[in-house]
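Coordinate analysis (summary)
Each chain is listed here by its residues.
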Amino acid sequence: MINTRDLTIKGTLELLKKKEISVEELVSSCLNIIESKNPEINAVLTVNENALDEAQQFSNLTPLRPRLREGAAISQFNNKPLLGIPIILKDAYSTKGLRTTAASKVLENYIPPFDATVVKKLKEAGAIILGKANMDAWAHGSSGENSDFGPTKNPYDLSRTPGGSSSGSAAALAAGMSLASTGTDTGGSIRLPASFTNLVGLKPTYGRVSRYGIIAMGSSFDSIGHFTKDVYDNALILSVTAGHDSLDGTTSKLDVPKYHLKLETSMRGKKIGIVKEFTHSGIDSKVDEVTQKTIKTMERLGGEFIEVSLPHVEYAIETYYILVPAEVSSNLGRMTGTRFGKGRELFGDEAKRRIMIGTYTLSSGYYDAYYNKALKVRTRIKQDFDQAFEKVDALLCPVSPTLPFKLGEKANDPLAMYLSDIFVAPMNLAGVPALSVPAGSVEGLPVGIQFVTKQFDEQLLYQVAYAYEQARGPIENLKINT
Amino acid sequence: MSSTSTNLSNADVLKIAKLAHITLKDEEINTLATELSSIISYIGKLDELDTSSVAPMNQVTGLRNVTRGDEITPETVLTQEEALSNAPQKKNNLFEVDAVFDND
C-alpha cells in the first residue's frame, strides 16, 4: 500500500516516471483508504467502480516491459500532465454514467448522460476519477451539515466540521483518499474547507474555469476550483482546468499559462494589502495570531504591507444573501421531477429557505428594494476591490473568523452559519481569485490564510502563496485522527 | 423597504411557497415565518446605503453579447435514449407530464 496522505501530485508523477510505483497500485491504495475510512468520515457518496480498469490503461507506461524506451514513457506524461493521478470530484460535477446527486435526495438516483467540461479536461489530462464527494446539498452551506446523506467529519477532529460546502472534497483529500479533489466556491465553499483541513484551496477568477455541467447554485458567483496539498499541485491543476469554453458564455478567452512553471518570484517590494474592515470583525484571537505570524513571514520576504479599505464589504453578506438565493431560486426551478430527479417535496430545509428568500426578493413589489438594490451594492463592492488593487498587488486576509467549529454548533442558527463567510464571500461578489493556504495550527486544528489578487491574476496569486509556503515550512502539531 | 424588521405571517409564507412551487407541511410554516423574517430583516440593512448614483452589476466579467454560430455542436447532442434515461415517466419516447387541460 502506498501512503497517499503524504504524497503530492508532483512527487507522484516523479515516482510514476521512474516506475517506482504503478498507477494501479496508486488507485488501489486510494480505494482501500476510501473503503476503510469512509464509514467514519462520510466524505465520499459514490465510488467509481471502473477506477481500477481505467488505471489499467496506463499499465504499459510503468514497465515491467524493459524494452519500452525511456523517452516514449516520459512523452506520454508530457501529453497528459495528470497521468494516473486519482482525483475525487465534488458531487455537483456531472459525470457521465456515474451518479451525481449534489448531496440532495432530489437527485438520489440521477445519472448524468454527459460529463462537465472540467471533468472532460481532467480525464484528457490522464486523471483517474475515483468518486463523488459529499457536500452541503446544492452547495448551500458552510459546514457540510446540510447534506441529505449525513454530514462529513473533519479528519483532524471527528467532532468538528471540515467546512463546507465542499466538505467531502476537503475531508477526502486530507484523509488520503485521493491526491486532489474538486469543488465549487460561490461564497467561500472551497476556501473555508481548505482552511479547516490544512489544504490549499483555490477560488479562481469567475470565468477562468468553465461552469458547464456543474450543477448551478448562483450562476454569476459559482467559481470552479480545487483542493491540493500544496501550491505547486494547485497551480498544475488550474493549468489543466482553466480556459475558454464555447459551452459557457462567461468564460474568458485569455490564454492559460502553465502556472506551476513560474512560481518562483521575489516578494521584495510587493505591496500587500490588509483590509481595514476585516480587522474589526469579530475574529477569534488565536486565529488572528496566525494571521499576524503570516504577515511577519511576508515582511521577512520583503513584502510591504499597506492598509486598504473596502468600505462596502460591511454589507457583503447582506448583498450575498439577496443575490445568491435569488439566483438559486431560478436555478432550482429546473428541478421539477419531470425530465430527471424526484419531486420538489424532497428539498431539505436550507434549500427551501434559500428558494423562498430568492422568490420573495425577486417578486413584484420587492424586486427593486432588495434584488436591484443588491446589484448596485455589488457594483460598489467590485469598485472597492478594483481601487484596492491600484494600490497593492495582493491582499492578505483571514479565511474564517473561528477555528473549525463543532458539528451541531451553528446548525440551528442559519444566520450564524451565514456569518462564517464574512472574509470569503466578498471575493465572489467582485469575481476576483483567492487562495486559502495552510498557515498554522491552533489546539491541534488547522488554520489557513487567504491571498487575493485582481481578476485573472492567478499567476501572481500562486507566486505570492508559493513564496509564503516555502518560507513557512512544515506545519506542526497537526494529526489526522482517522 | 422600511428599516424596521420584517414580520412575515403564515399567509405570506404560503404565498411565497406557492410562487416557488414548494409544498410545505403545516408544522413547517411557523418556523419558516420566523426564520425567513429574521433573514429578510437582516438583508434589509442595505437600505442604509445610498446607491442612487450607482448602476446595477449583473455579472462581473464585463463580457457582452457573447454569441456563437447557429451550428450543431455534436458533443452536446443527446440521443433520445440518453435524454430519456433519467425520466421518471415516459410514454412513446417522450417525457410524460401531468395533464394541463381537463378532458371534458
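Residues numbered from 1 in each chain as written. Chains lettered and ligands numbered in written order. Predicted model: local features only at pLDDT ≥ 70, side-chain atom pairs only at ≥ 80, totals over all residues. Heavy atoms only, no water.

The condition is simple: UniProt positions are given in the numbering used here, feature names are shortened, and annotations may be inferred rather than shown by experiment.
For chain B, an unreviewed UniProt entry supplies the name Aspartyl/glutamyl-tRNA(Asn/Gln) amidotransferase subunit C. For chain B, the Sequence similarities (unreviewed entry) comment in UniProt is given as "Belongs to the GatC family." A UniProt comment under Subunit (unreviewed entry) is attached to chain B, and it reads "Heterotrimer of A, B and C subunits."

As annotated in an unreviewed UniProt entry, chain A is Glutamyl-tRNA(Gln) amidotransferase subunit A. Here chain A is described in UniProt, under the heading Function (unreviewed entry), as follows: "Allows the formation of correctly charged Gln-tRNA(Gln) through the transamidation of misacylated Glu-tRNA(Gln) in organisms which lack glutaminyl-tRNA synthetase. The reaction takes place in the presence of glutamine and ATP through an activated gamma-phospho-Glu-tRNA(Gln)."

1. What about the sheet that holds strand β8 (residues 304-308) of chain A?
All names here are of chain A. Applied cut-off: In this analysis, strands are considered paired if DSSP registers two or more bridges between them. Strands are runs of DSSP state E lasting at least two residues, helices are runs of H or I lasting at least four, and both sets are numbered from the N terminus onward. Axis lines are fitted through C-alpha atoms, for helices just across the contact stretch, and the angle between N-to-C directions can take any value from 0 to 180 degrees. Contact definition: two residues touch when any of their heavy atoms are within 4.5 Å.
Pairing in this open sheet of 11 strands is mixed, and the strands run β1-β3-β2-β4-β6-β5-β10-β11-β9-β7-β8 from one edge to the other. Either end of the sheet is taken by a strand with one partner, and the two such strands are β1 (44-47) and β8. Along the sheet, successive strands turn relative to each other by an average axial angle of 30°, direction set aside. Relative to β8, strand β7 (residues 271-275) runs parallel, the two being bridged by five bridges. Looking at β8, one finds that Gly 273 is bridged to Ile 306. Lying on the sheet, helix α13 (residues 368-391) is in contact with β7, β8, β9 (394-398) and β11 (445-452); it crosses β9 at an angle near 120°.

2. Examining the UniProt feature "active site" (unreviewed entry) in chain A
All names here are of chain A. Definition in use: Only protein chains enter the accessibility calculation, which uses a 1.4 Å probe. A residue is then buried if its area is under 20% of the maximum for its type, exposed if over 50%, and partly exposed in between. We define a polar contact as two N or O atoms separated by no more than 3.5 Å, with the added condition that, inside protein, one atom must be a possible hydrogen donor and the other a possible acceptor, whereas residues neighbouring each other in sequence contribute only through side-chain atom pairs.
Following the UniProt record, one finds the feature "active site" (unreviewed entry) at Lys 90, Ser 165 and Ser 189. Spanning 100 residues, the named residues nonetheless gather at one spot, since no C-alpha pair among them exceeds 10.9 Å. What makes Lys 90 buried here is its relative accessible area of 0%. Ignoring any residue separated from it by four or fewer positions in sequence, one finds Lys 90 in contact with Lys 132, Ala 133, Met 135, Ala 139, Ser 165, Ser 166, Ser 169, Thr 182, Gly 183, Thr 184 and Ser 189. A distance of 2.9 Å separates the side chain of Lys 90 from the side chain of Ser 166, its partner in a polar contact. Residue position: Ser 165 is located in the loop between β3 (128-133) and α6 (167-174). Discounting chain neighbours no more than four positions away, the residues touching Ser 165 are Lys 90, Asn 134, Met 135, Asp 136, Ala 139, His 140, Gly 141, Ser 142 and Ser 189.

3. A short note on helix α12 (residues 349-362) of chain A
Structural remark: α-helix, 3.6 residues per turn; residues separated by three or four positions point the same way. Residue and element names in this part refer to chain A. The line we're drawing: For a helix, the expected span equals 1.5 Å multiplied by the residue count minus one.
Given a rise of 1.5 Å per residue, 14 residues ought to cover 20 Å, and the 20 Å separating the end C-alpha atoms of α12 matches this to within 8%. Among the 14 residues in α12, 12 count as buried, and that is most of the element. The set of residues buried in α12 consists of Glu 350, Ala 351, Lys 352, Arg 353, Arg 354, Ile 355, Met 356, Ile 357, Gly 358, Thr 359, Tyr 360 and Thr 361.

4. Examining the nonpolar core
The condition is simple: By convention a nonpolar core is built from buried Ala, Val, Leu, Ile, Met, Phe, Trp, Tyr and Cys residues, the set being connected through side-chain atoms within 4.5 Å.
Within the largest apolar cluster, 165 residues are counted, with the highest numbers of intra-cluster contacts made by Leu82(A), Trp138(A), Met177(A), Phe385(A) and Phe451(A). Element by element, the count of residues in this core is highest for α13(A), at 10 residues.

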